[in-house]
Amino acid sequence: MPPVTSPLYNRDILRLAASIPHLGRLKAPQARVERTSPVCGSRVAVDLIVDETGRVSALAQEVRACALGQAAASLMGAHAPGRTLSELEQARDVLAGFLAGQRDDPGEWPGLGVFEVARAYPARHASILLAFEAVAEAAAKAGSRTEAGG
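Predicted model only: the values in this text are computed from it and were never measured.

Thresholds applied
- Residues numbered from 1 in each chain as written.
- Predicted model: local features only at pLDDT ≥ 70, side-chain atom pairs only at ≥ 80, totals over all residues.
- Heavy atoms only, no water.
- Helix = DSSP H or I, 4+ residues; strand = E, 2+ residues; numbered from the N terminus.
- Rg over C-alpha atoms; globule rule 2.2 N^0.38 Å.
- Buried < 20%, exposed > 50% of the residue type's maximum accessible area, 1.4 Å probe, protein only.
- Contact = heavy atoms within 4.5 Å.
- Areas by Shrake-Rupley, 256 points an atom, 1.4 Å probe, with all protein chains shown as cover.
- Phe/Tyr/Trp six-rings, centres within 6.5 Å; stacked < 30°, edge-to-face > 60°.
- Lys NZ or Arg CZ within 6 Å of the ring centre and 35° of its normal.

Asker: Sorry if this is basic, but what is going on with the overall build of the protein chain here?
Answerer: A tally of helices and strands in the protein chain yields 4 helices and 3 strands. Seen in sequence order, the protein chain has helices and strands lined up from the N terminus as α-β-β-β-α-α-α. For a compact globule of 150 residues, the expected C-alpha radius of gyration is about 15 Å, and the protein chain comes in at 15 Å, within 12% of that figure. If you line up the protein chain on its principal axes, its C-alpha atoms span 60 × 30 × 25 Å. Relative to its full complement of 150 residues, the protein chain shows a buried share of 42%. For the protein chain, contacts bridging at least 24 residues in sequence account for 61% of all contacts bridging at least 6. Looking at the protein chain as shown, the accessible area adds up to about 7600 Å², and 51% of this sits on carbon and sulfur atoms.

Okay, here's the thing in structure tokens:
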């Protein structure tokens, strides 16, 4: 009898989960944000530096999450450098709306369509959103620190 597989943990999700970029810590981040899912205990921490224009210039992340959270961190990490706070907040909000069924498309952030299979599993949404929530919050903190001259 073949093993029972879940559509949630398909080849694309597992491939992303195995290739998370920017793992580790930055030596002197402008902001560090850690987010934990109260549902499953998944955790993502993001260190960030933004440049004088407010774009992400350096990023590091520590990811202790299920394969879905790892896949989301992989997509976030691959495409966050060079993005502004507004772009990061939009990606977070669009992904949340997509998962919740409030919109039919995952937006313009590359790769988020892979989470189509997770829409029917609301208990998994918090883990998927962690990396996007953390990077948006870190960018807001880093940007306000840059504006304040610190």
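Asker: I keep staring at unusual backbone geometry and nothing clicks. Help me out?
Answerer: When glycine is set aside, most residues are seen to have a negative phi, and most peptide bonds are trans. Located in the positive-phi region is histidine 22, a residue other than glycine, with phi close to 60°. One can find histidine 22 in the loop between α1 (11-17) and β1 (31-36). When its relative accessible area of 37% is taken as the criterion, histidine 22 is described as partly exposed.

Asker: Would you mind going over the packing of aromatic side chains with me for this structure?
Answerer: With the rule as written, the count across this model stands at 1 aromatic pair. Ring centres of tryptophan 109 and phenylalanine 132 lie 5.4 Å apart, and the angle between their planes is 80°; on these two criteria the pair is classed as edge-to-face. Remark: phenylalanine 132 occurs in helix α4 (residues 122-147) and tryptophan 109 occurs in the loop between α3 (85-99) and α4; sequence separation between them is 23 residues. A single burial state applies to tryptophan 109 and to phenylalanine 132, both of which are buried. Positioned above the aromatic ring of tryptophan 109 is the side chain of arginine 83, whose terminal nitrogen or guanidinium carbon lies 4.2 Å from the ring centre. The ring of phenylalanine 98 has arginine 119 lying over it, and the distance from NZ or CZ to the ring centre is 4.3 Å.

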